[in-house]
Amino acid sequence: MKKSFLLLFVVFATFMTSCSGWLTGKSDHSPEIYSSLFFVNPVFNGDSLIGAQDTIAVVNDPTDDSYELTDTIYIGDTVVFANTYYAYENDLVAVQISWDSLRMNLWYNLSEDIQKVLTSSSDVERGRLYFQPGYNRVSFPIYFTPIQKGGMTIKLAVESTSEAYPINSALIYIPVKEHVADSIQAN
């Protein structure tokens, strides 16, 4: 009887420590970043995307856990993709976007609703967005135009109030070429 009670106690104690989130109703997920397809030279009707010259997906590169566009874009192309940053049952703390401004022009438009929940620590022009407590998801499109050929990157990062997994990031590699007609005219 004592052995079965001891065994039951060990099982119950293990269950209590491994499932504390389940018992308290809180989860501790890593925040996530979701991106849409990349639309090259998009055509809009108002704020609705109605077409694009090309649609490009991203694939994961397992060697460095980055993401890479599945096709090349060209200097001067305008590319748009939508992002969602999601903290599950935790609060968003920050979203950061990093890019080389000497190699690409990058911009995004934040809705009034998003702008209202940013703290004074935010630097929107530099891609540093800090959020007031109480919000767990934000979505907005990012636009960029390469101004040099070669490889370039955009780094997306999200931080939440998760105790175990507060930060997640994604590095996107973008191959850029010069239009053949442009390089012939330059010679």
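Residues numbered from 1 in each chain as written. Predicted model: local features only at pLDDT ≥ 70, side-chain atom pairs only at ≥ 80, totals over all residues. Heavy atoms only, no water.

(A) Structural detail: the overall build of the chain. The number of helices and strands found in the chain is four helices and 13 strands. In the chain, buried positions account for 30% of the 187 residues. Nonlocal contacts in the chain, meaning residues at least 24 apart in sequence, comprise 71% of its contacts between residues at least 6 apart. Total accessible area on the chain stands at roughly 11,500 Å², and carbon and sulfur atoms take up 54% of it. (Helix = DSSP H or I, 4+ residues; strand = E, 2+ residues; numbered from the N terminus. Buried < 20%, exposed > 50% of the residue type's maximum accessible area, 1.4 Å probe, protein only. Contact = heavy atoms within 4.5 Å. Areas by Shrake-Rupley, 256 points an atom, 1.4 Å probe, with all protein chains shown as cover.)

(B) Geometry of the environment of S162. Here S162 lies in the loop between β12 (150–160) and β13 (167–177). One polar contact links the side chain of S162 to the main-chain amide nitrogen of Y165, over a distance of 3.0 Å. (Polar contact = N/O pair within 3.5 Å; in protein donor to acceptor, adjacent residues only side chain to side chain.)

(C) Main features of the packing of aromatic side chains. Counting across every chain of the model gives eight aromatic pairs. Judged by centre distance (6.3 Å) and plane angle (50°), the rings of F44 and Y143 are tilted. Of this pair, F44 sits in strand β2 (residues 38–45) while Y143 sits in strand β11 (residues 137–146), placing them 99 residues apart in sequence. Exposure remark for F44: the relative accessible area of 34% places this residue in the partly exposed category. An aromatic cluster is present here, built from F38, F81 and F144 joined pairwise through their rings. The ring of Y86 is capped by R137, whose NZ or CZ atom sits 3.9 Å from the centre of that ring. (Phe/Tyr/Trp six-rings, centres within 6.5 Å; stacked < 30°, edge-to-face > 60°. Lys NZ or Arg CZ within 6 Å of the ring centre and 35° of its normal.)

(D) Highlighting unusual backbone geometry. Phi at N41 is positive, roughly 50°, even though this residue is not glycine. As for its placement among the helices and strands, N41 is situated in strand β2. Under the relative-accessibility criterion, N41 is labelled partly exposed at 24%. Located in the positive-phi region is Y88, a residue other than glycine, with phi close to 55°. If you trace the backbone, Y88 turns up in the loop between β7 (79–86) and β8 (92–99).

(E) Structural view of the pattern of salt bridges. As enumerated under the stated definition, the model contains two salt bridges in all. Residue D123 pairs with R126 through a salt bridge whose shortest N-O separation is 3.8 Å. In this structure D123 comes out as partly exposed when scored by relative accessible area, which is 29%. On the basis of relative accessible area, R126 is assigned to the exposed category, the value being 54%. Residue E178 is joined to K149 by a salt bridge in which the shortest nitrogen-to-oxygen separation is 3.7 Å. Of this pair, E178 sits in the loop between β13 and α4 (180–186) while K149 sits in the loop between β11 and β12, placing them 29 residues apart in sequence. K149 gets classed as exposed once you look at its relative accessible area, which sits at 52%. (Salt bridge = Lys/Arg side-chain N within 4 Å of Asp/Glu carboxyl O.)

(F) Spotlight on the side chain of S66. Checked against the element boundaries, S66 lands in strand β5 (residues 66–69). Exposure remark for S66: the relative accessible area of 7% places this residue in the buried category. Separated by 2.6 Å, the side chains of S66 and D64 make a polar contact. With residues near it in sequence (within four places) discarded, S66 still touches V59, N60, D61 and L171.

All we've got here are geometric facts, nothing functional implied.
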